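Descriptive analysis of the structure
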Amino acid sequence: MAPGDPILGLTEKYLADPRSNKVNLGVGVYSDDQGRLPVLKAVQQVEQALVRDQSPRGYLPIDGLPAYTAATQKLLFGAGSAVLEAGRAATVQTIGGSGALRVGADMLKQVLGDKATLAISNPSWGNHHAVFRTAGFKLIDYRYYDAPTRGLDFAGMLEDLGKLEPGTVVLLHACCHNPTGVDLDATQWAQVVALLKERNLLPFVDMAYQGFDKGIDADATAVRLLADSGIENFVVANSYSKSFSLYGERVGALSFVGADRDEAARLRSKIKQTIRANYSSPAAHGAKLVAGVLGSPELRTLWEQELREMRERIHAMRAGFVDKLAALGAPDFGFINQQAGMFSYSGLSKEQVDRLREEHAIYALSSGRICVAALTTGNLDYVARAVAEVCR
Ligand code: PMP
């Protein structure tokens, strides 16, 4: 038996728990204030049109639906981006953000051979390690999370990145770092990008939460700075699972940036070869939904509004949680307002997490990671009281 996935295992325990007041903060999905996974109105409209039209279900090209990859490039790099004007980016549709990471890892491993090494933030999303290790990469941690401040160890991060061998692939979370919620600001990103360039490192940006913290453009700061940096090669994996609430439709993309149009064409051919040997071509439905929304000015405006509502709800839950904990006399949780996205490294110990589950039916990861996007006005008070109690 292979070991079970710790996050999915926790959800199984939660589902089997008979207590009616149970709360699952272990998940990695956004829920609305009623605790449901939203179905975005913009997406519904495209879907209704697809059902009406009943177009044939042929295969997509190996690199995906052209309208989808073109719209994706504009979201990542910004409309009118110099990288796009120069034809430097090769973007392909993938099976979610995870598929983008895996196809990117496989392709790079083929090119880099025995030298393939990935530097990864400590900590990072567990599947990052699994994907790159399985693709044959050697992994090295770089310092990232600073436990005493529940913030960023920026000096440690720069020091560790500065010691990497040229050519090392550096995995960077564009925004809403999973699992900590701790992000770099624009000034820090500029410093990191300068260092990556100086040390000849290969940036691989994972952007699974664009629009979940500050907005579509601000959350893409890392990508935009890389595009303007003069660095010839970098990679972006992105996902629409969260930003379109389309988790099960598996919508993601992989973009390789080359020095020029010719290199981008060579990169595209390599990525297509990797995809062909993996799963031949991607699934059509989710890509049609995203392309339909992004391709219509009205639906795009509606989506941006729905995305804004999601991030504002997360901000409100963070603030409400911090305020309630302060009112209950708990230790200071103000750092939760500085952290971004769906997750927070709460600083709760494994023992406190165990007590939350056993005594209060509140489920969180043993690392102390909680999903603040699973808090609602209905459960906020209950969760804050329970957290205050286990901190006493
Ligand atoms: N990267 C990060 C940092 C993530 O948190 C996730 C989703 N949990 C992904 C990639 C993968 O996204 P998808 O579900 O689209 O495969």
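The rules we used
- Residues numbered from 1 in each chain as written.
- Predicted model: local features only at pLDDT ≥ 70, side-chain atom pairs only at ≥ 80, totals over all residues.
- UniProt positions renumbered as here; feature names shortened; annotations may be inferred.
- Helix = DSSP H or I, 4+ residues; strand = E, 2+ residues; numbered from the N terminus.
- Rg over C-alpha atoms; globule rule 2.2 N^0.38 Å.
- Buried ≥ 20, exposed ≤ 12 C-beta atoms within 10 Å, placed from the backbone.
- Contact = placed C-beta atoms within 7 Å.
- Near = placed C-beta within 6 Å.
- Nonpolar A, V, L, I, M, F, W, Y, C, P; charged D, E, K, R; others polar.
- Core = buried A, V, L, I, M, F, W, Y, C linked by C-beta atoms within 7 Å.
- Domains from an automatic or database assignment.
- Arc of directions from axis to C-beta.
- pLDDT = per-residue confidence, 0-100.
- Axes fitted to C-alpha atoms, helices over the stretch in contact; angles between N-to-C directions.
- Parallel < 35°, antiparallel > 145°, perpendicular 65-115°, else oblique.
- Left-handed = near helix turned anticlockwise from the far one by under 90°.

With an unreviewed UniProt entry as reference, the chain is termed Aminotransferase, source organism Rhodanobacter glycinis. Word for word, the UniProt comment on the chain under Sequence similarities (unreviewed entry) is "Belongs to the class-I pyridoxal-phosphate-dependent aminotransferase family." As stated in UniProt under Cofactor (unreviewed entry), the record for the chain gives "pyridoxal 5'-phosphate".

**With respect to the overall build of the chain**
A tally of regular secondary structure across the chain gives 15 helices and 13 strands. Against the 2.2 N^0.38 benchmark of 21 Å for 392 residues, the chain shows a C-alpha radius of gyration of 21 Å, consistent with a compact globule. The C-alpha extent of the chain, read off along each of the three principal axes, is 60 × 55 × 45 Å. Taking all 392 residues of the chain together, the buried fraction comes to 47%. In the chain, once contacts between residues fewer than 6 apart in sequence are set aside, the share between residues at least 24 apart is 75%.

**Examining the site of the ligand**
Taken together, the neighbourhood of the ligand is formed by Gly 28, Gly 96, Gly 97, Ser 98, Trp 125, His 173, Asn 178, Asp 206, Ala 208, Ser 239, Ser 241 and Gly 252. The element contributing the most residues to the shell around the ligand is helix 5 (residues 96-112), with three residues. Of the residues that constitute the shell around the ligand, the class distribution is two nonpolar, nine polar and one charged.

**Quick look at the nonpolar core**
Membership of the largest hydrophobic core comes to 116 residues, with the highest contact counts inside it found for Val 170, Val 205, Val 223, Val 290, Met 342 and Val 372. Both of domain 1 (6-39 + 299-391) and domain 2 (61-295) provide at least three residues apiece to this core. Residues in contact with Val 223, not counting those within four places in the same chain, are Leu 76, Phe 77, Ala 174, Val 205, Met 207 and Val 236.

**So, unusual backbone geometry**
Look at the link from Asn 122 to Pro 123: it is a cis peptide, with omega at 5°. Following Asn 178, the chain continues to Pro 179 via a peptide bond in cis, the omega torsion being 20°. In this structure, Pro 179 sits in the loop between strand 7 (169-173) and helix 8 (186-198). Within the chain, Gln 54 stands out as a residue other than glycine whose phi angle is a positive 45°. Within the element layout of this structure, Gln 54 appears in the loop between helix 2 (41-53) and helix 3 (66-77). Classification of Gln 54 as exposed rests on a count of 7 C-beta atoms within 10 Å.

**Thoughts on helix 14 (residues 350-360)**
Within the sequence span of helix 14, burial applies to Val 353, Leu 356 and Arg 357. One face of helix 14 carries all of its buried residues, which in axial projection span an arc of 90°. Along helix 14, exposed side chains directed more than 90 degrees from the buried face belong to Glu 351, Glu 358 and Glu 359. Backbone geometry just downstream of helix 14 places Ala 361 in the positive-phi region, at approximately 60°.

**Some words on the UniProt feature "domain: Aminotransferase class I/classII large" (unreviewed entry) in the chain**
Feature annotation in UniProt places "domain: Aminotransferase class I/classII large" (unreviewed entry) on residues 21-386, given in this structure's numbering. Between the C-alpha atoms that bound residues 21-386 there is a distance of 12 Å. The span itself is 45% helix and 16% strand.

**Digging into the confidence of the model for the chain**
Overall, the prediction assigns the chain a mean pLDDT of 97, with 100% of residues at 70 or greater. What the predictor reports for the complex is a pTM of 0.97 with an ipTM of 0.99.

**Notes on the packing of helix 12 (residues 297-327) against helix 15 (residues 380-391)**
Two elements in contact, helix 12 and helix 15, have axes separated by 9 Å at closest approach and are oriented at 45°. As far as their axial angle goes, helix 15 and helix 12 are oblique. Of the two elements, helix 12 crosses helix 15, and the hand of that crossing is right-handed. Note on element contacts: helix 15 touches helix 12 through Leu 380, Asp 381, Ala 384, Val 387 and Ala 388, opposite Met 317, Gly 320, Phe 321, Lys 324 and Leu 325.

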